[in-house]
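If you want the building blocks of each chain, they are given just below.
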Amino acid sequence: MNPRARPEPVQMIETRRDAALRALVAGVPYIGFLGITFDRRGDELTAILPFDDRLIGNPAIPALHGGVTAAFLETAAIIELGWTLMWEAMEAGRAGPGAALPDLPKTIDFTVDYLRPGLPRDACARARVNRSGRRYASVHVEAWQDNRSRPFAQGTGHFLMPDPDGG
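Reading guide: rules and limits
Position labels on residues start from 1 in each chain and follow its written sequence. A pLDDT threshold of at least 70 governs which residues receive local features in this predicted model, and a stricter bar of 80 or more applies before side-chain atom pairs are shown or counted, although totals over entire chains, interfaces and linings include all residues. Where side-chain values are given, they derive from all heavy atoms of the structure, hydrogens and water being excluded. Numbered from the N terminus, helices here are DSSP runs of H or I no shorter than four residues, and strands are runs of E no shorter than two. We call two residues in contact whenever any of their non-hydrogen atoms come within 4.5 Å of each other. Exposure was quantified through the Shrake-Rupley algorithm and a 1.4 Å probe, taking into account, for residues, occlusion by the shown protein chains and nothing else. Definition used in this section: a nonpolar core is a set of buried Ala, Val, Leu, Ile, Met, Phe, Trp, Tyr and Cys residues joined via side-chain atoms within 4.5 Å. Each residue gets one of three labels from its accessible area relative to the maximum for its type: buried under 20%, exposed over 50%, partly exposed in between, using a 1.4 Å probe on protein chains only. Two strands form a pair only when DSSP identifies at least two bridges running between them. Structural elements are reduced to axes, namely lines fitted to C-alpha atoms, with helices fitted over the stretch in contact, and the angle between N-to-C directions of any two is expressed from 0 to 180 degrees. Take the far helix as your reference; a near helix turned counterclockwise from it by less than a right angle gives a left-handed crossing, and one turned clockwise gives a right-handed crossing. Amino acid classes used here: Ala, Val, Leu, Ile, Met, Phe, Trp, Tyr, Cys and Pro are nonpolar; Asp, Glu, Lys and Arg are charged; the rest, including Gly, are polar.

This part takes up the overall build of the protein. Tallying secondary structure elements over the protein gives three helices and eight strands in all. Mapped in sequence order, the helices and strands of the protein form the string α-α-β-β-β-β-α-β-β-β-β. Look at the contacts in the protein between residues 6 or more apart in sequence, and 62% of them connect residues 24 or more apart. A total accessible area of about 9,800 Å² is found for the protein, and carbon and sulfur atoms account for 53% of it.

Attention now goes to the nonpolar core. Judged by nonpolar contacts, the single largest core of 41 residues is most densely connected at Ile 36, Phe 38, Leu 49, Phe 72, Ile 79 and Trp 83. If you list the elements that add at least two residues to this core, you get helix H1 (10-26), helix H2 (29-34), strand S2 (44-49), helix H3 (66-91), strand S5 (106-114), strand S6 (123-132), strand S7 (136-144) and strand S8 (151-160). Apart from residues lying up to four places away in sequence, Ile 79 is in contact with Leu 21, Leu 24, Val 25, Ile 31, Phe 38 and Leu 45.

Glancing now at the sheet that holds S5. Sheets are built from strands that pair by backbone hydrogen bonding, the pairs being arranged parallel or antiparallel. Strands sit in the order S1-S2-S6-S7-S8-S5 across an open sheet of six strands; the sheet is antiparallel. Of all the strands in the sheet, just strand S1 (37-41) and S5 have a single pairing partner and so form its edges. Across this sheet, the average inter-strand angle for adjacent strands is 25°, counted without regard to direction. Where S5 and S8 come together, eight bridges link them in antiparallel fashion. Counterpart to Phe 110 in the pairing with S8 is Gly 157. Here H1 sits on the sheet in contact with S1 and S2, set at roughly 155° to S1.

Along any regular strand the residues' side chains alternate between the sheet's two faces. With respect to burial, S7 is a largely interior element, seven of its nine residues being buried. Where S6 and S7 come together, eight bridges link them in antiparallel fashion. Within S7, the residue paired with Arg 128 across the bridge is His 140. In this antiparallel pair of consecutive strands, S6 and S7, the connection spans three residues. Relative to S8, S7 runs antiparallel, the two being bridged by nine bridges. Bridging across to S8, Val 141 finds its partner in Gly 155. Here S7 folds back onto S8 in antiparallel fashion, the turn holding six residues, of which Asp 146 has a positive phi close to 70°.

The next thing to look at is the side chain of Arg 17. You can see Arg 17 is positioned in helix H1. Overall, the relative accessible area of 14% leaves Arg 17 in the buried class. In contact with Arg 17, other than residues within four places in its own chain, are Arg 40, Trp 83, Trp 87, Met 90 and Glu 91.

It is worth spelling out the packing of H1 against H3 at this point. Where H1 contacts H3, the two axes come as close as 11 Å, and the packing angle between them is 145°. Read as a crossing pair, H1 and H3 show a hand that is right-handed. For the pair H1 and H3, contact is made by Arg 17, Ala 20, Leu 21, Leu 24 and Val 25 and by Ile 79, Gly 82, Trp 83, Met 86, Trp 87, Met 90 and Glu 91, respectively. Partitioning the contact of H1 with H3 into residue classes produces nine nonpolar, one polar and two charged.

In structure tokens:
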């Protein structure tokens with residue numbers, strides 16, 4: 001009788017996944033500059049933009065700067081794509097501790113719809129990959145505050161996927 005290998009404890013798997021996500025996010029200094037963090041639940045990511053006075057574009061309203069909103073949406077989309085690549089590699093056993101981080105997708109175009117002013121409070125965003133192939137991906141992302149069913153901005157982006165062979 002051949003004894004089966006004992007399954008890895010869930011806590012170790014979660015710790016490894018969290019470390020991989022932290023490494024992916026740390027590879028983009030602008031994410032740290034804006035203060036964006038990511039909450040991971042399984043393979044689902046939520047980007048969080050904590051409120052900071054320096055993010056206000058129009059102090060009369062006050063409202064988040066449109067460029068900050070666009071950067072937040074685009075960042076959520078790119079990290080979602082990068083995380084999807086890492087997740088697939090980890091689940092297939094091709095990536096583990098010390099594995100090289102994947103190259104991040106490059107933006108082809110990104111369109112933002114400003115639906116209402118971003119208020120002076122924390123914002124969240126979640127991206128959904130509509131299509132991802134070897135060379136191209138399409139992503140939709142929505143940002144909200146307080147109520148997910150009332151997004152204040154949404155975006156759609158098209159991205160050039162990194163060469164999986166590194167060439």
